[in-house]
Amino acid sequence: MKPFKAIAPLCIVATLVCAQSAFVAQNVPLFATASDGSALGELIVASQVNVLSQKGEFTEVEFVGFMPEGSTKAYEKIGMLMVGFEAPTPSTYKVIGQKKDEYESIWLNVSVKGFVKTKALKETKASILEEGKAAFQAKCGTCHALHPEGEFDANVWPSILEAMSPQAGLSSAERYSIEKYLQNYQH
Ligand code: HEC
């Protein structure tokens, strides 16, 4: 029983490592090393990451997603415009495969690994989306009635938010928070 006793407290301290995956609570830089050094790019709110290891206040994570060739944005799922990670250049990503979507377009399956502040991760997505819901209700019903969440599908909301963000004076963080809430809404 000794090894078990040794491992159990570790799991309590490092619940995220034991859970093996986590969600990003807000847009956060993904650092190349376990420090506030140079960022590889930005992980976008509510995206899922694989948890690899823990180092002090940082957690090493991997984001795996899909993108059209030459893109600097990687999406959470093939054919779905839910942004998972934004990089300065396409070369930030490691291409691990490619796949065709239902329209025969090719998407690169990509991976990017780095470190985030552990406090920016959550074990579940629901509370993260709740913040997006609150922002949506506060910012999107002042000029017109709130449009229902189910009015548009996940690939249409981004262009609506592109047009409405300046109207509502949204920061990039608020825009993504609202966008992810609407895209994750179950019709
Ligand atoms: C400053 C006022 C203002 C705010 C704040 C605002 N809107 Fe709008 N919205 C408009 C106007 C004006 C239109 C109609 C003209 C247009 O489409 O640009 C509109 C149209 C829309 C439409 C209809 C588009 C279509 O093609 O049918 C949707 C959906 C929408 N807004 C969503 C939102 C969301 C989501 C937010 C919050 C991020 C938001 N609006 C915040 C002014 C606003």
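Procedures and definitions
Residues numbered from 1 in each chain as written. Predicted model: local features only at pLDDT ≥ 70, side-chain atom pairs only at ≥ 80, totals over all residues. Helix = DSSP H or I, 4+ residues; strand = E, 2+ residues; numbered from the N terminus. Buried ≥ 20, exposed ≤ 12 C-beta atoms within 10 Å, placed from the backbone. Contact = placed C-beta atoms within 7 Å. Axes fitted to C-alpha atoms, helices over the stretch in contact; angles between N-to-C directions. Parallel < 35°, antiparallel > 145°, perpendicular 65-115°, else oblique. Left-handed = near helix turned anticlockwise from the far one by under 90°. Nonpolar A, V, L, I, M, F, W, Y, C, P; charged D, E, K, R; others polar. Near = placed C-beta within 6 Å. Core = buried A, V, L, I, M, F, W, Y, C linked by C-beta atoms within 7 Å. Domains from an automatic or database assignment. Pairing = 2+ DSSP bridges.

Undergrad: Which residues make up the overall build of the chain, and what values do they have?
TA: On a plain count of helices and strands, the chain comes out with five helices and ten strands. Classification of the 187 residues of the chain by burial places 29% in the buried group. Relative to all contacts within the chain whose residues are 6 or more apart in sequence, the contacts with residues 24 or more apart total 58%.

Undergrad: Now, about the packing of helix H4 (residues 157-168) against helix H5 (residues 172-184): what can you tell me, with residues and values included?
TA: The geometry of H4 relative to H5 is characterised by a closest axis approach of 10 Å and an angle of 150° between their N-to-C directions. Comparing their axes, H5 and H4 come out roughly antiparallel. For the pair H4 and H5, the crossing hand works out as right-handed. For the pair H4 and H5, contact is made by Trp157, Pro158, Leu161 and Ser165 and by Arg175, Ile178, Glu179, Leu182 and Gln183, respectively. Of the residues assigned to the contact of H4 with H5, the class counts are five nonpolar, two polar and two charged.

Undergrad: Let's hear about the site of the ligand: which residues, and what values?
TA: The full set close to the ligand counts 14 residues, and Cys140, Cys143, Met164, Gln167 and Ala168 are the nearest of them. When residues in the shell around the ligand are grouped by element, the largest group, six residues, is from H4.

Undergrad: Summarise the nonpolar core; cite the residues concerned and give the values.
TA: Within the largest apolar cluster, 39 residues are counted, with the highest numbers of intra-cluster contacts made by Val24 and Leu43. Broken down by secondary-structure element, the contributors of at least two residues to this core are strand E1 (21-24), strand E4 (48-55), strand E5 (58-67), strand E6 (73-77), strand E7 (80-86), strand E9 (106-117), helix H3 (126-139) and H5. Looking at this core element by element, the count peaks at six residues for E9. Residue contributions to this core reach at least three from each of two domains, namely domain 1 (15-122) and domain 2 (126-184). Other than its neighbours up to four places away in sequence, Leu43 contacts Val24, Asn27, Val28, Leu30, Val49, Phe63, Phe85 and Val116.

Undergrad: A description of the pairing of E6 should follow, citing residues and the corresponding values.
TA: Looking at chain direction, E6 and E7 are connected through four bridges and run antiparallel. Considered in E7, the bridge of Ala74 is made with Phe85. Where E6 folds back on E7, the antiparallel hairpin that results is connected by two residues, among which Gly79 adopts a positive phi of roughly 75°.

Undergrad: I'd like a description of the environment of Asp153, backed by residues and values.
TA: Within the secondary structure layout, Asp153 lies in the loop between H3 and H4. Judged by the 13 C-beta atoms lying within 10 Å of it, Asp153 falls in the partly exposed class. Separated by 32 residues in sequence, Asp153 and Tyr185 place their C-alpha atoms 8.9 Å apart.

Undergrad: How would you explain the pairing of strand E3 (residues 39-43) if you had to name every residue and give the values?
TA: Pairing of strand E2 (residues 28-31) with E3, which is carried by four bridges, proceeds in the antiparallel orientation. Paired with Phe31 across the bridge in E3 is Ala39. With two bridges joining them, E3 and E7 adopt antiparallel strand pairing. In the sheet register, Leu43 faces E7, and the bridge partner there is Phe85.

Honestly, that's just the spatial picture; any functional story needs more than this.
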